[in-house]
Amino acid sequence: DGSSVYAKFLENYETIRRETACYVGINAVITKNNCHALYEVIEHLRHLKPDGFGIEPVHLNNPHPLAIGEKEFYLLKAQFVQVIRNALKTLTECEKPENFEFAFGFLYGLLRRTRAYHHCIFGHKAVAIDAEGWIYPSYRLVGNIHFRMGNIFKNPFNDPHFKSIRQKFLNSTS
């Protein structure tokens, strides 16, 4: 019916792609509900043709209904190992190798059941935008109204509030 968060995301994604010249990446969150369909999630991301995409497991603990339990963990791990095998295979067999952002960091974190720490571009070179156009300094803060920096459809990038939230985020992560 077009009223879902996903439908709103698609509408805004198309608007951003059409009306801006910025790099647009998408981070998909894998939960208990979609961990069985990792290949489909990746194919869908490819179909949208972002400038880059990543996959992130949800960081919730049981008994949260979206938390990834033991059964889902092993299912997700097996699928992700196959995704990486396929990506590595493209390096030798394809004219244009597969470029899958953060694949090895994701697998490392998944196997060790920790977050893989790497240099994060959020706050420095990237921001997160939710389905309604609200901007946050990191995808991990999406939904936290205290970190809303403005709305993409109101061109907030020179607004003092945007700059203040960004600077607070950068100060806390350096």
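Refer to the preceding data block for the structure.
Residues numbered from 1 in each chain as written. Predicted model: local features only at pLDDT ≥ 70, side-chain atom pairs only at ≥ 80, totals over all residues. Heavy atoms only, no water.

**Student:** Can you explain the nonpolar core? Please cite residues and give values.
**Tutor:** Residues Ile30, Leu38, Leu45 and Ile55 are the most contacted members of the largest nonpolar core, which totals 25 residues. Of all the elements, helix 2 (residues 38-48) adds the most residues to this core, at five residues. (Core = buried A, V, L, I, M, F, W, Y, C linked by side-chain atoms within 4.5 Å. Buried < 20%, exposed > 50% of the residue type's maximum accessible area, 1.4 Å probe, protein only. Helix = DSSP H or I, 4+ residues; strand = E, 2+ residues; numbered from the N terminus.)

**Student:** So what's going on with the packing of aromatic side chains? Which residues, and what values?
**Tutor:** Centre-to-centre distance and the angle between the planes together describe a pair of aromatic rings. Taken as a whole and assessed by the stated rule, the structure comprises two aromatic pairs. A centroid spacing of 5.0 Å and a plane angle of 75° characterise the contact between Phe73 and Tyr74, whose relative ring orientation is edge-to-face. Residue Tyr74 is classed as partly exposed on the basis of its relative accessible area of 45%. Positioned over the ring face of Trp134 is Arg148, at 4.1 Å from the centre of the ring. (Phe/Tyr/Trp six-rings, centres within 6.5 Å; stacked < 30°, edge-to-face > 60°. Lys NZ or Arg CZ within 6 Å of the ring centre and 35° of its normal.)

**Student:** Describe the pairing of strand 1 (residues 25-30), naming the residues involved and giving the relevant values.
**Tutor:** The two faces of a sheet get side chains in turn, since along a regular strand they alternate between them. The side-chain alternation of strand 1 yields one buried face, formed by Ile26, Ala28 and Ile30, and one unburied face, formed by Gly25, Asn27 and Val29. With six bridges joining them, strand 1 and strand 2 (residues 52-57) adopt parallel strand pairing. Opposite Ile30, over in strand 2, you have Pro57 as the bridge partner. What joins strand 1 to strand 2 is helix 2, and the crossover it makes is right-handed. (Pairing = 2+ DSSP bridges. Right-handed = clockwise from strand over helix to strand, strands pointing away.)

**Student:** An account of the pattern of salt bridges is requested, with residue identities and associated values reported.
**Tutor:** The full count for this structure, using the stated rule, is two salt bridges. Where Glu72 meets Lys32, a salt bridge forms, and the shortest distance between an N and an O atom there is 4.0 Å. One end of the pair, Glu72, is in helix 3 (residues 70-93); the other, Lys32, is in the loop between strand 1 and helix 2, with 40 residues separating them in the sequence. For Glu72, a relative accessible area of 14% gives the class buried. Here Lys32 falls in the partly exposed class, since its relative accessible area comes to 39%. Two residues, Arg46 and Glu43, come together in a salt bridge whose shortest N-O distance is 2.2 Å. (Salt bridge = Lys/Arg side-chain N within 4 Å of Asp/Glu carboxyl O.)

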